[in-house]
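One-letter residues, chain by chain:
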Amino acid sequence: MGNYGKGDTAWFTHDRFGMFIHWGLYSMPARHEWIRHTEEISDGDYRIYFDLFDPDLFDPKAWARAAREAGMKYFVITTKHHEGFCLWDTKYTDYKVTNTPAGRDLLREVVDAFRAEGIRVGFYYSLIDWHHPDFTLDKIHPMRNKISAGEFNKGRDMKRYAKYMRDQVTELLTNYGKIDVLWFDFSYPGENGKGHLDWESEELIRLVRKLQPGIIVDNRLDLPGSGDILTPEQFTPDHGMVDEEGKPAVWEGCQTFSGSWGYFRDETSWKSVKMCIEMLVNHVSRGGNLLMNVGPTSRGYIDARAMERLAGYADWMKYNSRSIYGCGAAPAGFPAPPDCRYTYNPETNRLYLHCFAWPFKHVHLPNLAGKVKYAQLLADGSEIRRREAVNEVHSNLNSTTPDNALTLELPVLLPQ
Ligand code: JFZ
């Protein structure tokens, strides 16, 4: 396994919660960010979205405020998704936001707005590029069923594309100040796929580490040793994750409010606020981060359904963020009671008991007899009575306590 340097993950495992933003031309058809692929749309037919992209209600300050209020401490935005469209004023292609009716570098405005709210900056950069003239046909290319590889690949050269990526990554990591996260996406090695040889991943990662020492890079370059974080996607591992050598790994799950990443107008699979909060708790209780996605509309705002969920986070985090920041999994040997999760802050030696279902009377805490010093509802700091001897916290909990107050804070005496 190569040694490609490491990023600084201390802030990352403390902060735990970030906002993913998928925003590109696919917000116009508004039926999934992969439609160029799924509907096999040609470059020519996709062009209309570029010609008409005009986010007249774009207000990055409102995005940043919503993220800050939701308790999100970093964000990762698609500077370029698989469609190849660039959200910044790059020198290396005309297929960029400044040439649409938008007419300006929107990435810069997003970065400025989030920084002003004290939120760390992350860039998603797609390795896949369905627009670039050097990107060759493969199993996920939109044109895969329409044209032969021989014909399509004539004059195309992946080496030039790899250089293009290095040039663009250099722009992104040079012209926008300190960047905290770089999220490459994604490799699919094997027959008719693409991997580290296509991306020239070794050169790419060395460039990234040189330009932004400390930056956190994901693990999608198909190059063992190059990443700082594992990135399970739309699935929450049921316990911690380990790295390529079997050691506990830093990981970040990414999740959506509705299923698709890009804005999808007619999607009906929206998660409830309660589910969203439980997702966050699940990730942290298993020692991971949550990167929660929003897909702004083509007019540039975050729609009411997504805002409602962000507000749900805000409402909960206002009172319960102490059970998230600085927290991770509980020490081994203390399994959470049924329907509950633990998060644990090793600095303060406080254990947080998150009840996903009403415990209507007592909650038994396995193996914690004699170890709990005090118990309170986190949201309002009200005492919860206990019976030490039988290891239980007693309920003065009842069903009129609001849902956002289902987290208990337990200062504990645990071996650290
Ligand atoms: C990728 C993108 O294709 C998708 O549009 C979105 O941006 C998401 C965050 O990332 O999707 C993936 C990438 C990797 C896997 C699955 C979906 N994977 O490794 O299983």
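Residues numbered from 1 in each chain as written. Predicted model: local features only at pLDDT ≥ 70, side-chain atom pairs only at ≥ 80, totals over all residues. Heavy atoms only, no water.

Undergrad: Quick question: what am I supposed to make of the site of the ligand here?
TA: In the vicinity of the ligand, the contacting residues are Phe20, His22, Glu33, Trp34, His81, His82, Tyr124, Asp185, Phe186, Arg220, Glu233 and Trp261. In this structure, Glu33 approaches the ligand through a side-chain N or O atom, which is 2.6 Å from an oxygen atom. Note that an oxygen atom of the ligand is positioned 2.7 Å from one of the side-chain N or O atoms of His82. Considering only residue class, the shell around the ligand consists of 5 nonpolar, 3 polar and 4 charged. (Near = heavy atom within 4 Å. Polar contact = N/O pair within 3.5 Å; in protein donor to acceptor, adjacent residues only side chain to side chain. Nonpolar A, V, L, I, M, F, W, Y, C, P; charged D, E, K, R; others polar.)

Undergrad: Just checking my understanding: could you explain the pairing of strand β8 (residues 340-345) for this structure?
TA: Regular strands place their side chains on alternate faces of the sheet. Of all 6 residues in β8, 5 are buried; the element is thus mostly enclosed. Pairing between β8 and strand β9 (residues 350-355): 6 bridges, direction antiparallel. Within β9, the position partnered with Arg341 by the bridge is His354. The turn joining β8 and β9, which pair antiparallel and follow one another in sequence, is formed by 4 residues; a positive phi near 55° is taken by Asn349. (Buried < 20%, exposed > 50% of the residue type's maximum accessible area, 1.4 Å probe, protein only. Helix = DSSP H or I, 4+ residues; strand = E, 2+ residues; numbered from the N terminus. Pairing = 2+ DSSP bridges.)

Undergrad: What is the right way to look at helix α10 (residues 273-285) in this model?
TA: In an α-helix, one turn spans 3.6 residues, which is why side chains three or four residues apart end up on the same side. The end-to-end C-alpha separation of α10 is 18 Å, in line with the 18 Å expected for 13 residues at 1.5 Å each. Within α10, 10 of the 13 residues are buried, which leaves the element mostly enclosed by the surrounding structure. Among the residues of α10, those classed as buried are Cys276, Ile277, Glu278, Met279, Leu280, Val281, Asn282, His283, Val284 and Ser285. Taken together, the buried residues of α10 touch β1 (17-21), β6 (252-256), β7 (289-294), α11 (304-320), β8 and β9. (Expected span 1.5 Å × (residues − 1). Contact = heavy atoms within 4.5 Å.)

Undergrad: Explain the pairing of β7 to me, please; I cannot follow it from the model alone.
TA: Most of β7 is tucked away: 6 of the 6 residues are buried. Side chains Asn289, Leu291 and Asn293 of β7 all project onto a buried face; the interleaved residues Leu290, Met292 and Val294 project onto the opposite face, where all are buried too. Where β6 lies against β7, 5 bridges are found, and the strand directions are parallel. In the sheet register, Glu252 faces β7, and the bridge partner there is Asn289. Handedness of the crossover joining β6 and β7 through α10 is recorded here as right-handed. (Right-handed = clockwise from strand over helix to strand, strands pointing away.)

Undergrad: Help me understand empty space enclosed by the protein, please; the structure alone is not making it clear to me.
TA: Over the atoms rolls a probe the size of a water molecule, and its path tells where empty space is left. Under the defined criterion, the tally for this structure stands at 2 cavities of 30 Å³ or more. In this structure, the largest cavity spans a volume of roughly 100 Å³. Lining of the largest cavity is provided by 15 residues; of these, Ser258, Tyr263, Trp270, Val294 and Gly295 occupy positions nearest its centre. Grouping the constituent residues of the lining of the largest cavity by class yields 8 nonpolar, 6 polar and 1 charged. (1 Å grid on protein atoms, 1.4 Å probe; cavity = no way out; pocket = protein on both sides within 12 Å on 5 of 7 lines; lining within 4 Å. Points joined across faces, edges and corners; volume = space filled by probe spheres on them.)

Undergrad: Looking at this structure, I do not really get the layout of surface pockets. What am I missing?
TA: Counted as a void, the largest pocket has a volume near 250 Å³. In terms of lining, the largest pocket is formed by 16 residues, of which the most central are Lys6, Gly227, Asp228, Asp243 and Glu244. Per-class residue counts for the lining of the largest pocket are 6 nonpolar, 5 polar and 5 charged.

Undergrad: Mind showing me how you'd approach the packing of helix α7 (residues 158-174) against helix α9 (residues 201-211) here?
TA: Each packed pair of helices is defined by two parameters, the angle between the axes and the distance between the axes. At a minimum axis distance of 10 Å, the contact between α7 and α9 shows a crossing angle of 15°. With respect to α9, the element α7 is oriented roughly parallel. The interaxial crossing formed by α7 with α9 has right-handed handedness. For the pair formed by α7 and α9, the contact residues are Met165, Arg166, Val169, Thr170, Leu173 and Thr174 on the first element and Glu203, Leu204, Leu207, Val208 and Leu211 on the second. Taken together, the residues of the contact of α7 with α9 break down into 7 nonpolar, 2 polar and 2 charged. (Axes fitted to C-alpha atoms, helices over the stretch in contact; angles between N-to-C directions. Parallel < 35°, antiparallel > 145°, perpendicular 65-115°, else oblique. Left-handed = near helix turned anticlockwise from the far one by under 90°.)

Undergrad: Please clarify how the sheet that holds β7 should be interpreted in this entry.
TA: Across a sheet, strands are paired by hydrogen bonds formed along the backbone, either parallel or antiparallel in direction. Ordered by their spatial adjacency, 7 strands build an open sheet running β5-β4-β3-β2-β1-β7-β6, and the pairing between neighbours is parallel. Each edge of the open sheet carries a strand with a single partner, namely β5 (216-217) and β6. Bridge analysis of strand β3 (residues 120-126) against strand β4 (residues 181-185) gives 5 bridges, and the strand direction is parallel. Of the residues in β4, the one forming a bridge with Tyr124 is Trp183.

As far as function goes, none of this settles anything; it's purely spatial.
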